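# Observations on the three-dimensional arrangement
Each chain is listed here by its residues.
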Amino acid sequence: MIMKGKIHLHQVTSESLRLGALLSLVGGFLDTYTFVGRDGVFANAQTGNIVLLAVKIIQGNWIQALAYIPPLIAFSLGVFVAEGIKRKSTHRLTPDWARAILLLEITIFFIVGLIPQGVPNTVVVVIVSFVASVQMTSFRKLIDVPYTSTVSTGNLRSATEAVYVAITTKDTNAAIRAMRYGVILAAFLVGALLGGFLTLTIGDKAIWGAVAALIFSFILFTEKEKWKLPLRH
């Protein structure tokens with residue numbers, strides 16, 4: 001029995017290379033934005049924050065060490081929120097979890113750019129870490145392989161592994177995977193460069209560069225609405 005119906009291709013879009021590249025650009029952007037402009041604390045790279053926390057403790061700089069704890073907590077809370085949004089995606093208020101999350105990021109980062117100078121950097125870092133965690137938890141698949149849009153270690157390992165397989169076995173699919181991971185890594189680097197440059201140039205409002213990239217990401221979903229698939233039962 002075939003029932004005619006329509007479904008959006010938001011799931012396909014959420015796993016596309018274009019979206020993955022844009023989100024990776026945002027990931028790199030956010031890390032340099034907080035590290036360069038917000039007291040040397042990472043927004044995404046919680047491994048870095050844990051290491052720096054340990055270093056400050058060893059050095060006896062207890063007050064400085066405390067600055068690395070709030071981002072870790074905020075990052076963990078972001079995972080809970082992202083999973084909650086995805087689980088409730090069938091609710092009429094959030095029919096498309098991917099777009100809901102992108103809108104959340106756009107809104108919060110735009111507000112962050114309006115936060116006055118007098119507000120402690122820890123507040124901004126916590127907000128950015130929370131949203132970065134939501135993004136990382138929500139978008140974890142690139143076409144047919146896992147990836148991370150907010151850090152590069154895992155992507156670099158996967159890219160290198162794919163290169164090795166492609167060279168040693170002449171596997172075309174592995175070569176394609178390696179190129180895709182290469183695009184993601186390059187996008188992260190570009191984002192990090194842009195984030196650092198804009199932060200040094202225009203200061204706190206540099207985060208609106210990440211907002212621009214997220215708006216382009218949201219547009220991908222809007223474009224996909226033009227294409228529908230029949231729903232079969």
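Below is a short write-up of the structure. (Residues numbered from 1 in each chain as written. Predicted model: local features only at pLDDT ≥ 70, side-chain atom pairs only at ≥ 80, totals over all residues. Heavy atoms only, no water.)

## Structural notes on helix 8 (residues 153–169)
Relative to the 24 Å expected for 17 residues at 1.5 Å per residue, helix 8 spans 24 Å between its end C-alpha atoms, a close match to the ideal helical length. All buried positions along helix 8 are accounted for by Asn155, Ser158, Ala159, Ala162 and Ala166. Burial along helix 8 is one-sided: seen end-on, the buried residues are contained in an arc of 100°. Turned more than 90 degrees from where helix 8 packs its buried face, Thr153, Arg157, Tyr164 and Ile167 sit exposed. (Helix = DSSP H or I, 4+ residues; strand = E, 2+ residues; numbered from the N terminus. Expected span 1.5 Å × (residues − 1). Buried < 20%, exposed > 50% of the residue type's maximum accessible area, 1.4 Å probe, protein only. Arc of directions from axis to C-beta.)

## Quick notes on the nonpolar core
With 38 residues, the main nonpolar core has Leu30, Phe109 and Phe139 as its most contacted residues. Among the secondary structure elements, those contributing two or more residues to this core are helix 2 (17–37), helix 5 (69–87), helix 6 (97–112), helix 7 (121–138), helix 9 (172–202) and helix 10 (208–224). Apart from residues lying up to four places away in sequence, Phe109 is in contact with Leu30, Val128, Val131, Ile207, Trp208, Val211 and Leu214. Formed by six residues, the second largest nonpolar core is a distinct cluster that contains Leu53, Tyr68, Leu72 and Val125. (Core = buried A, V, L, I, M, F, W, Y, C linked by side-chain atoms within 4.5 Å. Contact = heavy atoms within 4.5 Å.)

## Comments concerning unusual backbone geometry
Located in the positive-phi region is Ile143, a residue other than glycine, with phi close to 60°. Tracing the backbone shows Ile143 in the loop between strand 2 (141–142) and strand 3 (145–146). Judged by relative accessible area, which is 34%, Ile143 ranks as partly exposed. A positive phi angle, near 60°, is found at Lys170, a position not held by glycine. Structurally, Lys170 can be placed in the loop between helix 8 and helix 9. Overall, Lys170 belongs to the exposed group, its relative accessible area being 69%.

## Quick look at the side chain of Thr32
With respect to the element layout, Thr32 can be found in helix 2. At 3.3 Å, the side chain of Thr32 forms a polar contact with the backbone oxygen of Gly28. Once you skip the residues sitting within four places of it in the chain, Thr32 turns out to touch Gly37, Gly191, Ala192, Gly195 and Gly196. (Polar contact = N/O pair within 3.5 Å; in protein donor to acceptor, adjacent residues only side chain to side chain.)

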